[in-house]
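One letter stands for each residue in the lines below.
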Amino acid sequence: MKKTLVLNLENIKIKGNILDVVCEDLEVIHNLSEDIQEEMAIDDFENRDIKTLEKNKYDVCTFFFNLNSFWNINKKENLINEMSDYIKESGEVYIWDINKNIGELIDVKLKCILPNKKIKEYKIKNNNIFSSSNFEETKKILEKTFKIEETKVWEDIYFIKGIKK
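All residue numbers refer to position in the chain's written sequence, counted from 1. Whole-chain, interface and lining totals are the exception, using all residues; otherwise, since this is a predicted model, local features are given only for residues with pLDDT of at least 70 and side-chain atom pairs are given and counted only at 80 or more. Note: side-chain values were computed over all heavy atoms of the structure, leaving out hydrogens and water.

**A look at the packing of aromatic side chains**
Put simply, the test is: Stacked, tilted and edge-to-face are the three classes assigned to paired rings of Phe, Tyr and Trp, where Trp is represented by its six-membered ring and a pair needs centres within 6.5 Å; plane angles under 30 degrees give stacked, over 60 edge-to-face, the rest tilted. Exposure categories follow from relative accessible area, calculated using a 1.4 Å probe and restricted to protein chains: below 20% of the type maximum is buried, above 50% is exposed, and the middle band is partly exposed. Secondary structure elements are taken from DSSP: a helix is a run of H or I of four residues or more, a strand is a run of E of two residues or more, and numbering for both begins at the N terminus.
Enumeration according to the criterion identifies six aromatic pairs in this entry. Ring centres of Tyr94 and Trp96 lie 5.8 Å apart, and the angle between their planes is 15 degrees; on these two criteria the pair is classed as stacked. Taken as a pair, Tyr94 and Trp96 share a single burial class, namely buried. Ring geometry for Trp96 and Phe159: centres 5.1 Å apart, planes at 40 degrees, overall tilted. A residue pair is termed long-range when its members are at least 10 positions apart, and Trp96 in strand 5 (residues 87-98) and Phe159 in strand 9 (residues 157-164) qualify at 63 residues. The exposure class assigned to Trp96 is buried, which follows from its relative accessible area of 1%.

Below, the structure is given as structure tokens:
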């Protein structure tokens, strides 16, 4: 039986132009923006157009359960560094991910409670025994460019919010 994790996002409000680092079909970020009814920019970093990224400076960058897919810490750090080039001074980064150790397999159901009380369900699966993702590793990478503003770790999930220095 798969483990079910619950993530309460009811009180998360993201404002401004958002650079969403999407590696899976997880569109929760669209539901967390206060500006959802108005025109807003949510650009997908994974399908990036360098010209678009260079002309925009983003207020926020989001990672939603996708850093755990990188098996190499250097690739993770390179992605975070590249993304930070497109974030405004004092811009924010939000990271939600799962703690995963080398040798572990991940196959969980994630239930997200969104601000509109709607519940979205996702599968998080990682069968790469060489990949790892954990709070301390990610925090250490972020601290080079971001001031850590908020952290939470519960069950197998971690959350980090940082402000660009």
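That was the structure; now back to the text.
**So, the sheet that holds strand 7 (residues 119-126)**
Remark on secondary structure: sheet strands pair via backbone hydrogen bonds, oriented parallel or antiparallel. Inclusion rule: Only when DSSP finds a minimum of two bridges between them are two strands counted as paired. Under this scheme, a helix contributes an axis fitted over its contacting stretch, all axes are lines through C-alpha atoms, and angles between N-to-C directions fall in the 0 to 180 degree range.
Pairing is mixed in the open sheet, where three strands are placed in the order 1-6-7. On the outer flanks of this sheet lie strand 1 (3-8) and strand 7, each paired with one strand and no other. Looking at each pair of strands side by side, their axes are set apart by 25 degrees on average, direction ignored.

**Concerning the packing of helix 3 (residues 73-84) against helix 4 (residues 135-142)**
The angle between the axes and the distance between the axes are what describe a pair of packed helices. Our working definition: Roughly parallel here means an angle under 35 degrees, roughly antiparallel means over 145, roughly perpendicular means 65 to 115, and every remaining angle is called oblique. Each crossing gets its hand from how the near helix is turned against the far one by less than a right angle, where anticlockwise is left-handed and clockwise is right-handed. By definition in these notes, contact holds between two residues if any of their heavy atoms fall within 4.5 Å. Three classes are used: nonpolar for Ala, Val, Leu, Ile, Met, Phe, Trp, Tyr, Cys and Pro, charged for Asp, Glu, Lys and Arg, and polar for all others, with Gly counted as polar.
Relative orientation of the contacting elements helix 3 and helix 4 amounts to 45 degrees, with a least axis distance of 10 Å. Compared by their axis directions, helix 3 and helix 4 come out oblique. Between helix 3 and helix 4 lies a crossing whose hand is right-handed. In contact with Ile73, Lys76, Glu77 and Ile80 of helix 3, helix 4 contributes Glu137, Ile141 and Leu142. For the contact of helix 3 with helix 4, the class distribution of residues is four nonpolar, no polar and three charged.

**Regarding the pairing of strand 8 (residues 146-154)**
With eight bridges joining them, strand 8 and strand 9 adopt antiparallel strand pairing. Looking at the pairing, Glu150 lines up with Lys161 of strand 9. Adjacent in sequence and paired antiparallel, strand 8 and strand 9 are bridged by two residues, among which Glu155 carries a positive phi angle near 45 degrees.

**Regarding the pattern of salt bridges**
Side chains that carry opposite charge are capable of pairing whenever their charged atoms lie near each other. Definition in use: Criterion for a salt bridge: a side-chain nitrogen of Lys or Arg within 4 Å of a carboxyl oxygen of Asp or Glu.
Counting across every chain of the model gives 10 salt bridges. The closest approach of N and O atoms between Asp156 and Lys3, which form a salt bridge, is 2.8 Å. With Asp156 in the loop between strand 8 and strand 9 and Lys3 in strand 1, the pair connects residues that are 153 residues apart, well separated along the chain. A relative accessible area of 38% places Lys3 in the partly exposed class. Of the charged contacts, one joins Lys111 and Glu121 as a salt bridge, the two residues approaching to 3.8 Å between their closest N and O atoms. Of this pair, Lys111 sits in strand 6 (residues 106-113) while Glu121 sits in strand 7; the two residues are 10 residues apart in sequence, bridging distant segments of the chain. Under the relative-accessibility criterion, Lys111 is labelled partly exposed at 29%. For Glu121, a relative accessible area of 46% corresponds to the partly exposed category.

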